[in-house]
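# Topology and contacts: notes
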Amino acid sequence: MSDPLLWSGDVIVAGGGSAGCAAAVAAAREGASVLLVESAGFFGGTGAAVLDTFYGFYPPGGNERVVGGIGWEVCEALFAREAAFERPNTYGAGTGVTYEPEILKQVWDDLLADADVTTLLHATVTDVLMDGDKVSHLGLHTAAGPRSVKAVVYIDATGDAELAWRAGAAVDAPRDQVRRQPMTATFRLGGVDLARTSAADLHRRMAEATGYVLPRREGSTHRTMLPGVVHTNLTRVSGADPTDPWQLSDAEREGRRQVREYVRFLTAEVPGYEQAYLINTSIRIGVRESRRLRGRYLLTRYDVLQAREFADAIARCGAPVEDHDGGSKTVWEYVGGAATGRSYGVPYGCLLPVEVGNLLVAGRCLSATHSAHASVRSMAQCFATGQAAGTAASFGENPADLDVQVLRKRLIDQGALL
Ligand SMILES: Cc1cc2nc3c(=O)[nH]c(=O)nc-3n(C[C@H](O)[C@H](O)[C@H](O)COP(=O)(O)OP(=O)(O)OC[C@H]3O[C@@H](n4cnc5c(N)ncnc54)[C@H](O)[C@@H]3O)c2cc1C
């Protein structure tokens with residue numbers, strides 16, 4: 001690669017969302033030199049740009065946490081700053097941790113700095129250069145123009161399997177999928193009289209509303225850390241391919257158009273919202289599902305619903321299959337068949353491409369079918385798979401050959417719940 005070399009070291013993590021930040025911290029704490037590359041100007045990814053509630057720490061119907069480690073450290077740092085609280089969910093996902101996204105960005109800045117991770121913001125991976133079956137360099141677009149970076153092991157935490165796809169690993173691309181989760185522009189409203197609102201009343205009014213185009217007739221408007229401010233997850237842009245530049249652009253505009261319509265509905269029809277005003281829409285539209293790795297193990301709906309255990313599990317998940325690809329409703333299917341607090345193991349093979357030797361994939365682009373992905377994509381699991389990928393990367397250049405039981409022991413020592 002002829003572009004000037006900006007950095008070289010042990011591990012490069014591409015994508016600074018929940019999975020990528022956890023991966024970078026984990027690898028650095030294990031003694032690796034780590035570069036974390038993120039195209040936005042902040043860390044936290046979808047968790048900071050679109051959302052305000054971590055799900056997946058607690059399975060629905062259970063009080064026992066199934067994710068610890070770095071993910072829970074993030075929660076504890078938020079609690080310590082009085083920037084988060086546990087919020088029981090009334091309709092499916094189990095108890096969540098609702099946080100202030102601005103403080104989440106600061107928590108990640110601190111955790112990454114404390115772990116000695118080298119961080120690069122406003123830098124986008126645009127090329128993957130191969131040497132045989134190994135990634136040799138990444139090409140970046142930076143503020144200074146094109147640059148290259150080099151490591152022994154790479155972690156793809158881009159959400160879109162950007163590295164795996166560019167490196168030639170098998171991926172399930174959205175355009176080839178029969179089913180695809182819709183995208184959602186979230187928004188915040190201020191001036192809400194929360195004492196006069198309830199989820200049941202809102203859902204009833206949405207179901208009965210006439211004269212409004214509301215693609216989703218349930219969904220969440222919930223309290224936040226800020227007085228009179230609610231965060232919403234209501235809009236639904238269906239059928240668009242987030243890896244198609246034109247469709248993604250249209251989806252952003254359509255998301256904002258729907259936000260206008262939901263605000264019109266809420267302020268006109270729902271008690272408590274009469275004086276509400278729009279504070280902001282999400283920094284970018286929320287993408288639930290795009291490219292997914294087809295790795296050494298493909299997690300299936302059967303694995304999820306049967307609450308399967310795996311000898312090489314590196315994370316646990318009790319989040320239900322939450323499929324928004326179902327008209328105006330959301331389909332919930334529970335781990336083990338009912339909301340009784342059960343969970344399953346996430347196999348290490350879900351992080352490993354078949355075709356590329358020195359690459360791991362973590363977070364929402366790991367190897368799972370559409371339905372299994374609808375369970376394993378919650379942020380607690382992205383933290384956990386990120387931590388596992390980062391720790392595995394610190395073992396050296398052949399992640400597929402490491403002793404998984406040694407990796408599991410290391411994760412348990414770090415506080416992971418397996
Ligand atoms: C609308 C919506 C609602 C959801 N609700 C919840 C919820 O309430 N609770 C919950 O737990 N989960 C929820 N989820 C799921 C969850 O938010 C995601 O699955 C999770 O945040 C994904 O984390 P990640 O780290 O894998 O990816 P992301 O957080 O998406 O991070 C990927 C990062 O990679 C960066 N990136 C991408 N390409 C490149 C590149 N080429 N170069 C450099 N950087 C790059 C991106 O900028 C981004 O920061 C929701 C998802 C959506 C879309």
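Before any of the text, the structure's been laid out above.
The following paragraphs examine the structure supplied in this document. Note that the structure is a prediction, hence the values are computed from the model and not measured. (Residues numbered from 1 in each chain as written. Predicted model: local features only at pLDDT ≥ 70, side-chain atom pairs only at ≥ 80, totals over all residues. Heavy atoms only, no water.)

### Examining the packing of aromatic side chains
According to the stated counting rule, one finds ten aromatic pairs in the structure shown. Ring plane angle 70° and centroid distance 6.2 Å describe the contact between Phe 54 and Phe 57, whose orientation is recorded as edge-to-face. Classification of Phe 57 by relative accessible area gives buried; the value is 0%. Residues Trp 108 and Phe 383 carry aromatic rings whose centres are separated by 6.0 Å and whose planes lie at 45° to one another, so their mutual orientation is tilted. One end of the pair, Trp 108, is in helix α4 (residues 101-114); the other, Phe 383, is in helix α10 (residues 379-393), with 275 residues separating them in the sequence. Accessibility expressed as a relative area gives 1% for Trp 108, which makes it buried. For Phe 383, a relative accessible area of 1% corresponds to the buried category. (Phe/Tyr/Trp six-rings, centres within 6.5 Å; stacked < 30°, edge-to-face > 60°. Buried < 20%, exposed > 50% of the residue type's maximum accessible area, 1.4 Å probe, protein only. Helix = DSSP H or I, 4+ residues; strand = E, 2+ residues; numbered from the N terminus.)

### With respect to helix α6 (residues 199-208)
The complete set of buried residues in α6 reads Asp 201, Leu 202, His 203 and Met 206. Among the structural elements, β12 (220-223) and α7 (245-269) are those in contact with the buried residues of α6. (Contact = heavy atoms within 4.5 Å.)

### Some thoughts on the sheet that holds strand β13 (residues 230-233)
Spatial strand order, β12-β13-β11-β14: four strands in an open sheet with antiparallel pairing. Edge positions in the sheet fall to β12 and β14 (277-281), since each of these pairs with one other strand and no more. Strand-to-strand twist in this sheet, taken as the mean axis angle between neighbours without regard to direction, amounts to 25°. Taken together, the four bridges between β12 and β13 define a ladder with antiparallel strand orientation. Of the residues in β13, the one forming a bridge with His 222 is His 231. (Pairing = 2+ DSSP bridges. Axes fitted to C-alpha atoms, helices over the stretch in contact; angles between N-to-C directions.)

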